[in-house]
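A closer look at the structure
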Amino acid sequence: MSWLLPRFVLAALAVCLGAMVGWWTGRFFDLPFLAETLGAASAVGALVVIDAVRGHRLLQWLRGSQQDTAPRDTGLWGELGYRIERAVRDREKVIARERLQLDQFLSAIEASPNGVLMLDAQEQILWCNRVAADHFSLDPQRDLRQRITNLVRSPAFVAFLQEGSFEQTLLLRNVRGFGALSVVIRRYGEGMKLVLSQDITERERSDSMRRDFVANVSHEIRTPLTVLSGFIETMSSLPLTEVERRRVLTLMGQQTQRMQGLVSDLLTLAQLEGSPRPAPDRWVSLDAILARINSDALALSGGKHQIKVQQSTQIDLAGVESELISAAANLVTNAVRYTPAGGQIDVVWRDLADGSGELSVNDTGLGIAREHLPRLTERFYRVDGSRSRETGGTGLGLSIVKHVVQRHGGELQIQSEAGKGSRFNLVFPAVRVRHGAEAALGVEAAYADRQLAD
Ligand code: ADP
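Calculation notes
Residues numbered from 1 in each chain as written. Predicted model: local features only at pLDDT ≥ 70, side-chain atom pairs only at ≥ 80, totals over all residues. Heavy atoms only, no water. Helix = DSSP H or I, 4+ residues; strand = E, 2+ residues; numbered from the N terminus. Expected span 1.5 Å × (residues − 1). Buried < 20%, exposed > 50% of the residue type's maximum accessible area, 1.4 Å probe, protein only. Contact = heavy atoms within 4.5 Å. Salt bridge = Lys/Arg side-chain N within 4 Å of Asp/Glu carboxyl O. Domains from an automatic or database assignment. Pairing = 2+ DSSP bridges. Axes fitted to C-alpha atoms, helices over the stretch in contact; angles between N-to-C directions. Phe/Tyr/Trp six-rings, centres within 6.5 Å; stacked < 30°, edge-to-face > 60°. Lys NZ or Arg CZ within 6 Å of the ring centre and 35° of its normal. Near = heavy atom within 4 Å. Polar contact = N/O pair within 3.5 Å; in protein donor to acceptor, adjacent residues only side chain to side chain. Areas by Shrake-Rupley, 256 points an atom, 1.4 Å probe, with all protein chains shown as cover. Nonpolar A, V, L, I, M, F, W, Y, C, P; charged D, E, K, R; others polar. Core = buried A, V, L, I, M, F, W, Y, C linked by side-chain atoms within 4.5 Å. Patch = residues over 30% accessible without salt bridge, like charges linked within 9 Å, V, L, I, M, F, W, Y side chains within 5 Å.

A few words now on helix α7 (residues 201-237). Think of an α-helix as turning once every 3.6 residues; residues three or four places apart then point the same way. Its 37 residues place the ends of α7 53 Å apart at the C-alpha level, agreeing with the 54 Å of an ideal helix rising 1.5 Å per residue. Listing the buried residues of α7 in full gives V217, E220, P224, L228 and F231. Summarising the contacts, the buried residues of α7 are in contact with α8 (242-274) and α11 (385-390).

Written out as structure tokens, the structure is:
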């Protein structure tokens, strides 16, 4: 209000000055009173014109983009310009802050692993993140303001949206490249809808694997149990001779062993899945493992095969000894079981150029047809079920092997030809392979030696 008093004073002075000038000039025409009034009115008019010019300048500034500063006048117009400019700048700051918050909020939703789609009351797309665009094959820019039902034509989705009871989750199968999508819709604001989508293909797959697994385990256990209960019934209801009784007991023993084998393999798998990755600095002698599997193979073969297991490799492997023994033993046992009498089985270690190494189990047995190879490491997958069961197989051996070798950072390679034989390689990465000489020298010294040799 600092302009108010000066403005009154200025107006009064201008009127007085105008009246005085009017009175002074009026004396010459003998009309002093009229001239005095005209003088005062001219002063007021001049003040009004000055105000109009200043007001016009301020209005011009307001009508423009307001990027430059407001007109810097004195008095009323100066303060008015200054205050309007400050209010405009404050508004701009608030808008910029809100825009930043909105951008951050939208980029947070954009980063969500789930699809987020906003629909207005007419089910037109207001906004969607990239994941939702992927899930429903939308273009986040081009499809804005389009009705969702014109773009997503899945009958289940359209019906769900139109039904309007959104308590349930909608499950969409085989939507444009996705195995399964779970869709949840929530209302917000005035008739608007939030559509949340999630790709649950992986979850569905693991659920179905779990169901298959439980069904397989139940089936595997039920078969020997049925046989056992049959024998028990036979023994309790029929008078058996001593020979028959012995035979029944032997068969019962076999079925029990089969169940024991299955349970033991299941426990091994569960243990492998539940334990942390083997430490990379606990060294195990490969020669000890080879000696162990050699005796296992000889015992299982009973002299029916020619078995050659490499004796002295001087290699240490970093990992868990029991797991490595189990993997190698599974391969050698398979080689014996799937190689007819007279066949040959070789187990050899080979250093590879990049410092890694592989343990190969080769046999001249039945071999495996090409179409079975990709599925061989699946749980309970058997090429020939009856032969596998006959020889005490559980169908879990190769899954255990694959699991073990993967936990040790390596891979299981399988080459086989039906009727010719098979070769199973356990490939271990360089960091988990140590030569005997390195063990003595210390790894760093051996590494330096290798560098020099290169
Ligand atoms: P199983 O307990 O049935 O042997 P595995 O997981 O160890 O289960 O092996 C899966 C299938 O792979 C076997 O049923 C068998 O048909 C085939 N197989 C495994 N090793 C060999 C091999 N050395 N020679 C031929 N077939 C093999």
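Our focus in this paragraph is the pattern of salt bridges. Going through the model one piece at a time under the given rule, you end up with 24 salt bridges. In this structure, R434 engages D316 in a salt bridge whose closest nitrogen and oxygen atoms are separated by 3.1 Å. Here R434, found in strand β13 (residues 433-435), pairs with D316, found in strand β8 (residues 315-318); they are 118 residues apart in sequence, far enough to count as distant. With respect to class, R434 is no different from D316; both count as buried. Among the ionic contacts, a cluster of salt bridges with common partners joins R72, E85, R89 and E92.

Split by domain assignment, the chain resolves into domain 1 (4-91), domain 2 (113-199), domain 3 (204-274) and domain 4 (283-453). The C-alpha centroid of domain 3 is placed 49 Å from the C-alpha centroid of domain 2.

Here the focus is the sheet that holds strand β3 (residues 170-175). Read from one edge of the open sheet, five strands run β2-β1-β5-β4-β3, paired in antiparallel fashion. Of all strands in the sheet, those with a lone pairing partner are β2 (125-128) and β3, marking the two edges. Pairwise comparison of adjacent strand axes, ignoring direction, gives a mean angle of 25 degrees for this sheet. Across three bridges, the pairing between strand β1 (residues 115-119) and β2 is antiparallel. When the sheet's bridge partners are listed, L119 is paired in β2 with I125. Sheet contacts for helix α6 (residues 155-163): β1, β3, β4 (178-188) and β5 (192-199); angle to β3, the most-contacted strand, approximately 155 degrees.

Take the pairing of β1 next. The buried count for β1 comes to five of five residues, which makes it a mostly enclosed element. Of the two faces of β1, the one carrying G115, L117 and L119 and the one carrying V116 and M118 are both buried. Taken together, the five bridges between β1 and β5 define a ladder with antiparallel strand orientation. When the bridges of β5 are listed, L119 appears paired with K193. Taking the residues that link successive antiparallel strands as the turn, the β1-β2 hairpin has five residues, and the phi of E123 there is positive, at about 60 degrees.

Here the focus is the sheet that holds strand β10 (residues 357-363). Strands in a sheet are paired, the pairing made by backbone hydrogen bonds, and the direction either parallel or antiparallel. Here five strands make up an open sheet; going across it, the order is β7-β9-β10-β12-β11 and the pairing mixed. Lying at the two open borders of the sheet, with one neighbouring strand each, are β7 (306-309) and β11 (411-417). Neighbour to neighbour, the strand axes of the sheet diverge by 15 degrees on average, direction disregarded. As paired elements, β11 and strand β12 (residues 421-428) share seven bridges and run antiparallel to each other. The residue bridging E411 from the neighbouring strand is V427, located in β12. On top of the sheet, helix α9 (residues 286-301) reaches β7, β9 (344-351) and β10; it is set at about 175 degrees to β7, its chief contact.

All told, the structure shown has four aromatic pairs when counted by the stated rule. Aromatic pair F136 and F157: ring centres 5.5 Å apart, planes at 45 degrees, arrangement tilted. Of the two residues, F136 is situated in helix α4 (residues 130-136) and F157 in helix α6; the sequence distance between them amounts to 21 residues. For the pair formed by F136 and F157, the shared burial category is buried. A ring pair is formed by F213 and F380, whose centres lie 5.8 Å apart and whose planes are at 40 degrees; its orientation type is tilted. Of this pair, F213 sits in helix α7 while F380 is found in the loop between β10 and α11, placing the two residues 167 residues apart along the sequence. Residue placement shows R379 over the ring face of F213; its charged tip is 5.2 Å from the ring centre.

Y338, S388, T394, G395 and L398 are the nearest of the 21 residues found near the ligand. At 2.9 Å from a nitrogen atom of the ligand is found a side-chain nitrogen or oxygen belonging to D363. Protein contact buries 97% of the 520 Å² of open area that the ligand shows by itself. Those elements that provide at least two residues to the shell around the ligand are α10 (321-337), α12 (397-407) and β12. Of the residues belonging to the shell around the ligand, the class tally is nine nonpolar, eight polar and four charged.

Under the 1.5 Å per step criterion, the end-to-end length of helix α2 (residues 32-63) is 46 Å for 32 residues, consistent within 8% with the ideal 46 Å. Turning to α2, its buried residues are A35, G39, A40, A43, D51, G55, L58 and W61. Where the residues of α2 are buried, they touch α1 (4-29) and α3 (75-110).

As a further point, take the nonpolar core. Ranked by internal contacts, the top residues of the largest apolar core, which has 44 residues, are L317, V347, W349, L359, L426 and F428. Considering each element in turn, this core owes the most residues, nine residues, to α10. The two domains that each donate at least three residues to this core are domain 3 (204-274) and domain 4 (283-453). Those residues in contact with L426 that sit more than four places away from it in its chain are A327, A328, L331, G357, E358, L359, V401, V405, E411 and L412. Core analysis: the next-biggest nonpolar cluster, separate from the first, contains 22 residues, L119, C128, L138 and L172 among them.

Bringing a nonpolar patch on the surface into the picture now. On the surface, a cluster of nonpolar side chains totalling about 840 Å² of accessible area is made up of W23, W24, F28, F29, L31, L34 and L38. Among the elements of the structure, α1 and α2 are those that each provide at least two residues to the nonpolar patch. Tallying contributions element by element places α1 first for the nonpolar patch, with four residues. Take W24: it is sitting in helix α1. Given a relative accessible area of 47%, W24 falls into the partly exposed group.

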